[in-house]
Amino acid sequence: MAVLTESVLRSQYFKNQANKSVIKLPKDTILTPAAKSYLKEKKITVEYISETNQAENKREKLSGSKREEKSSPQFRIIQGGFLNEKPVHMTSLHGNLLVPKTHKRIIFRGKLDSLEAKIIEAQWMLAEKNLDKLAEDLSVILDSVRTIKRSEMEGEKLETFSLFQMDEKEIQKKARHPEKYFGKDDVEPEYRMGIGIVLLNTIRALIRETEVAACQAWTDEDGSAEREELISALNSLSSLCKVMMFKVDSGYYKTEKEGKK
């Protein structure tokens, strides 16, 4: 069952045939109110045809001295049906399957893109302040984000990975008990703590936003999550940012050049 909108009508059915008076559609096609109004305004009659008639109609179009070249539709749309061209408001979920850009998984991918961009920006800012070690360590988070994105887009299960030789449980322990591992209480970020903690805190918050988007994209109505490993990996990355903040606060990344303009 396909849903046919006014924009698709204009771009797919009348792009090169402005004077068309009859349009033939599969019998299970649903027209949106705007599409119906457009057809009424243009005085275009809709003729619904069965799959058999569709096949015959194709053969008729291919016959004659000026036979048109016909190719299979390039795209499937998630609501059902096919398109030859990708509408601007839709994008690929995987392969040739199109979804609206407001789809929850597309929003999740957008959050991953924004997170990548912020990490790279942070690395550049840290390198400008001669905090190269911290900038390089952020590459571990960047690579993990890219691995998560590839896993989601390709539909492959995300394998368990360690970060700085720590598994998820160890990262969580260090993030929750800084007094045991770093001899300090929890870090409450403020600008006086320096650019390292400020940027790590920003990245941590963006990872949290991305984790929420992952939950929205993959959690079913019954509360179960289809891709729990993606959500768990993002949770570990936000905790790792916290661990790195403790390390900054403990002087681990401090260098003689730190603070130079």
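This text goes with the structure placed above it.
Residues numbered from 1 in each chain as written. Predicted model: local features only at pLDDT ≥ 70, side-chain atom pairs only at ≥ 80, totals over all residues. Heavy atoms only, no water.

Asker: It is not clear to me how the overall build of the protein chain should be interpreted in this structure. Could you clarify?
Answerer: Each helix and strand in the protein chain was counted, giving nine helices and eight strands. Counted over contacts in the protein chain with a minimum sequence separation of 6, partners at least 24 positions apart contribute 59%. (Helix = DSSP H or I, 4+ residues; strand = E, 2+ residues; numbered from the N terminus. Contact = heavy atoms within 4.5 Å.)

Asker: It is not clear to me how the pattern of salt bridges should be interpreted in this structure. Could you clarify?
Answerer: Any two side chains of opposite charge can pair if their charged atoms end up close together. Throughout the structure, instances matching the rule amount to 14 salt bridges. Among the salt bridges present, the one from R208 reaches E211, with a minimum N-O distance of 3.1 Å. Placement of the pair is R208 and E211 together in helix α8 (residues 195-218), with a separation of three residues, close to one helical turn. Overlapping salt bridges, with partners in common, bring together D113, E116, R146 and K149 in one network. (Salt bridge = Lys/Arg side-chain N within 4 Å of Asp/Glu carboxyl O.)

Asker: How do you make sense of the environment of T102 when you look at a structure like this?
Answerer: Checked against the element boundaries, T102 lands in the loop between β8 (97-100) and α4 (104-128). Judged by relative accessible area, which is 63%, T102 ranks as exposed. Each C-alpha atom, one on T102 and one on T91, is 9.6 Å from the other, the two residues being 11 residues apart in sequence. (Buried < 20%, exposed > 50% of the residue type's maximum accessible area, 1.4 Å probe, protein only.)

Asker: In this structure, what is going on with the nonpolar core? I would like to understand it.
Answerer: Burial of nonpolar side chains together is a common tendency in soluble globular proteins. The biggest cluster of nonpolar side chains holds 43 residues, and the ones touching the most others in it are F108, L138, I141 and I148. Broken down by secondary-structure element, the contributors of at least two residues to this core are α4, α5 (132-154), α6 (168-176), α8 and α9 (228-249). Top contributing element to this core by residue count: α9, with 12 residues. If near-sequence neighbours (up to four positions away) are discounted, F108 is found in contact with I148, E152, T210, A213, A214, A217, W218, L230 and L234. With seven residues, the next largest nonpolar core counts L25, L31, Y38 and L39 among its residues. (Core = buried A, V, L, I, M, F, W, Y, C linked by side-chain atoms within 4.5 Å.)

Asker: Honestly, the packing of aromatic side chains in this entry has me stumped. Any pointers?
Answerer: For any pair of aromatic rings, geometry is given as the distance between the ring centres together with the angle between the planes. What the rule picks out here adds up to two aromatic pairs. Where F182 meets F246, the ring centres are 5.5 Å apart and the plane angle is 35°; that geometry is what we call tilted. With a gap of 64 residues between them, F182 in the loop between α7 (178-181) and α8 and F246 in helix α9 connect regions that are remote in the sequence. According to the relative accessible area criterion, F246 is buried, its value standing at 1%. Here Y252 and Y253 contribute two aromatic rings whose centre-to-centre distance is 4.8 Å and whose plane-to-plane angle is 90°, an arrangement assigned as edge-to-face. (Phe/Tyr/Trp six-rings, centres within 6.5 Å; stacked < 30°, edge-to-face > 60°.)

Asker: Help me understand the sheet that holds β8 in this model?
Answerer: Backbone-to-backbone hydrogen bonds pair the strands of a sheet. The strands run either parallel or antiparallel. Taken in spatial order, the four strands of this open sheet run β6-β5-β8-β7, and their pairing is mixed. Since the sheet does not close on itself, it has two edges, and those belong to β6 (82-83) and β7 (90-94), each with one partner. Across four bridges, the pairing between β7 and β8 is antiparallel. Looking across to β8, one finds that H94 is bridged to L97. Against the sheet, α4 makes contact with β7 and β8, and its axis sits at roughly 90° relative to β7, the strand it touches most. (Pairing = 2+ DSSP bridges. Axes fitted to C-alpha atoms, helices over the stretch in contact; angles between N-to-C directions.)

Asker: Would you mind going over the packing of α8 against α9 with me for this structure?
Answerer: Helix-helix packing is described using two parameters, namely the angle between the two axes and the distance between the axes. Closest axis-to-axis distance for the α8/α9 pair is 9 Å, and the angle between their directions is 170°. In terms of orientation, α8 lies roughly antiparallel with respect to α9. Counted together, I197, L200, N201, I203, R204, I207, R208, T210, E211, A214, C215 and W218 of α8 and L230, I231, L234, N235, L237, S238, C241, K242, M244, M245, V248 and D249 of α9 form the full contact between these two elements. By residue class, the composition of the contact of α8 with α9 is 15 nonpolar, four polar and five charged. (Parallel < 35°, antiparallel > 145°, perpendicular 65-115°, else oblique. Nonpolar A, V, L, I, M, F, W, Y, C, P; charged D, E, K, R; others polar.)

Asker: Would you explain the environment of R150 in this entry?
Answerer: Tracing the chain through its elements places R150 in helix α5. In this structure, the C-alpha to C-alpha distance between R150 and R109, residues 41 residues apart in sequence, is 10.0 Å.

Asker: Explain α4 to me, please; I cannot follow it from the model alone.
Answerer: Count 3.6 residues to each turn of an α-helix, and residues three or four apart come out pointing the same way. The terminal C-alpha atoms of α4 lie 37 Å apart, and with 25 residues this matches the ideal 36 Å at 1.5 Å per residue to within 8%. Within α4, the full set of buried residues consists of R105, I106, F108, R109, L112, L115, E116, I119, A122, Q123 and L126. Packed against the buried residues of α4 are β7, β8, α5, α8 and α9. Just beyond α4, the residue with positive phi is N130, at close to 65°. (Expected span 1.5 Å × (residues − 1).)

Asker: So what exactly am I meant to see when it comes to the packing of α5 against α9 here?
Answerer: The geometry of α5 relative to α9 is characterised by a closest axis approach of 11 Å and an angle of 175° between their N-to-C directions. Regarding the angle of α5 to α9, the classification is roughly antiparallel. Here L134, D137, L138, I141, S144, V145, I148, S151 and E152 of α5 lie close against α9, whose contacting residues are L230, A233, L234, L237, L240, C241, M244 and V248.

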